[in-house]
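Structural overview for review
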Amino acid sequence: RPERIGQARARVAVQEQEVARLLDERQRHTIAAPYDGYVLAERTQVGQWLAVGDPVVEIAELDRVEIELQIAEDAIARVDVGAEAAVEIPAVASEQFVGKVARIVARADPRARTFPARIALDNRPSGSGVLLKAGMLARVTLAVGEPVRAVLVPKDAVVLGGPAPLLFVVREQKAAAVPVQLGVARGSLIQVIGAVAGGDDVVVRGNERLGNGASVIVAERLETE
């Protein structure tokens, strides 16, 4: 009957309005994370009433992490945004990382006379999470000195234990012992100062058993940059 159909349509309209009200209620009571990340701390409990601005959870986005450090004021003039930095993380000692200066705060700590800076570092998945996690300790090495030309050799080429560190340089298939002074280190390489030049072949295996003038047969040549 037409009146029964009209009543049914009216009930449907009422229910549609109720559904719309419930959806709006759910939307107003749902807080969406602004980005994908990991929950570090929960600030609420189930059933708890919240006011506008109350904290709910702490979330960290860890696909790209930032390392906080302090740079002394006498070095800050030689550090630029975008500069590369070598990063060592003791918790992941088997890996070496390279980051970049993401930003430098242009205001020093008045007590320490240091400038806060941040190093950006790409992260990667590991197991059920990510390799680098919030709160890990990091050691950062930044180039802040004046650029200099230096001869670098693998650390394994340096023979210690005598009056001075020395290298064995291969010259005319003979091992020549060359005393050197050690300088700065960079990864697996170290600066040497002495009668050795770039392009010289130095012995990195078995050099502890060599003597000055010993015959040498080069079985393998390792190239370093």
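Preceding this section is the structure that the text describes.
Within the protein chain, the secondary structure is distributed over one helix and 13 strands. Secondary structure elements of the protein chain, listed N to C terminal, follow the sequence α-β-β-β-β-β-β-β-β-β-β-β-β-β. For 225 residues, the compact-globule formula gives about 17 Å, and the C-alpha radius of gyration of the protein chain, at 32 Å, lies well above that figure. With the principal axes as the frame, the protein chain shows a C-alpha extent of 115 × 50 × 30 Å. Pairs at least 24 residues apart make up 57% of the contacts formed inside the protein chain by residues separated by at least 6 positions. As displayed, the protein chain offers around 17000 Å² of accessible surface, 52% of which is attributable to carbon and sulfur atoms. Looking at charge distribution, the protein chain has the averaged site of its 27 positive side-chain charges lying 4 Å from that of its 30 negative ones.

Quick look at the environment of R209 now. Relative to the helices and strands, R209 resides in the segment after β13 (189–194). When the C-alpha atoms of R209 and K133 are compared, they prove to be 45 Å apart, with 76 residues separating the residues in sequence.

One number sums up the size of the second largest pocket: a volume of about 330 Å³. Along the wall of the second largest pocket there are 18 residues; nearest its centre are V65, E66, I67, K133 and G135. It is strand β3 (residues 64–72) that contributes the most residues to the lining of the second largest pocket, five residues altogether. When its residues are assigned to classes, the lining of the second largest pocket shows 11 nonpolar, one polar and six charged.

Attention now goes to the side chain of Q191. Locating Q191 in the fold gives a position in strand β13. In contact with Q191, other than residues within four places in its own chain, are A150, V151, L152, Q181, L182, G183 and V184.

The biggest cluster of nonpolar side chains holds 24 residues, and the ones touching the most others in it are I71, F97, L121 and L132. Put simply, the parts of the chain that give this core at least two residues each are β3, β4 (84–88), β5 (97–104) and β6 (114–122). Here L132 is in contact with L62, V65, I89, V92, F97, L121, D122 and N123, once residues within four sequence places are set aside.

The next point concerns the sheet that holds strand β12 (residues 174–186). Pairing within the open sheet is antiparallel, and its four strands lie in the order β10-β13-β12-β11. Because the sheet does not close on itself, it has two edges, and the strands there are β10 (151–154) and β11 (166–171). The mean angle between the axes of side-by-side strands here comes to 55°, regardless of whether they run parallel or antiparallel. The sheet contact formed by β12 and β13 spans five bridges and is antiparallel. Paired with V180 across the strands is G194, a residue of β13.

What counts as what
Residues numbered from 1 in each chain as written. Predicted model: local features only at pLDDT ≥ 70, side-chain atom pairs only at ≥ 80, totals over all residues. Heavy atoms only, no water. Helix = DSSP H or I, 4+ residues; strand = E, 2+ residues; numbered from the N terminus. Rg over C-alpha atoms; globule rule 2.2 N^0.38 Å. Contact = heavy atoms within 4.5 Å. Areas by Shrake-Rupley, 256 points an atom, 1.4 Å probe, with all protein chains shown as cover. Lys, Arg positive; Asp, Glu negative; His and termini not counted. Charge placed at Lys NZ, Arg CZ, Asp CG, Glu CD. 1 Å grid on protein atoms, 1.4 Å probe; cavity = no way out; pocket = protein on both sides within 12 Å on 5 of 7 lines; lining within 4 Å. Points joined across faces, edges and corners; volume = space filled by probe spheres on them. Nonpolar A, V, L, I, M, F, W, Y, C, P; charged D, E, K, R; others polar. Core = buried A, V, L, I, M, F, W, Y, C linked by side-chain atoms within 4.5 Å. Buried < 20%, exposed > 50% of the residue type's maximum accessible area, 1.4 Å probe, protein only. Pairing = 2+ DSSP bridges. Axes fitted to C-alpha atoms, helices over the stretch in contact; angles between N-to-C directions.

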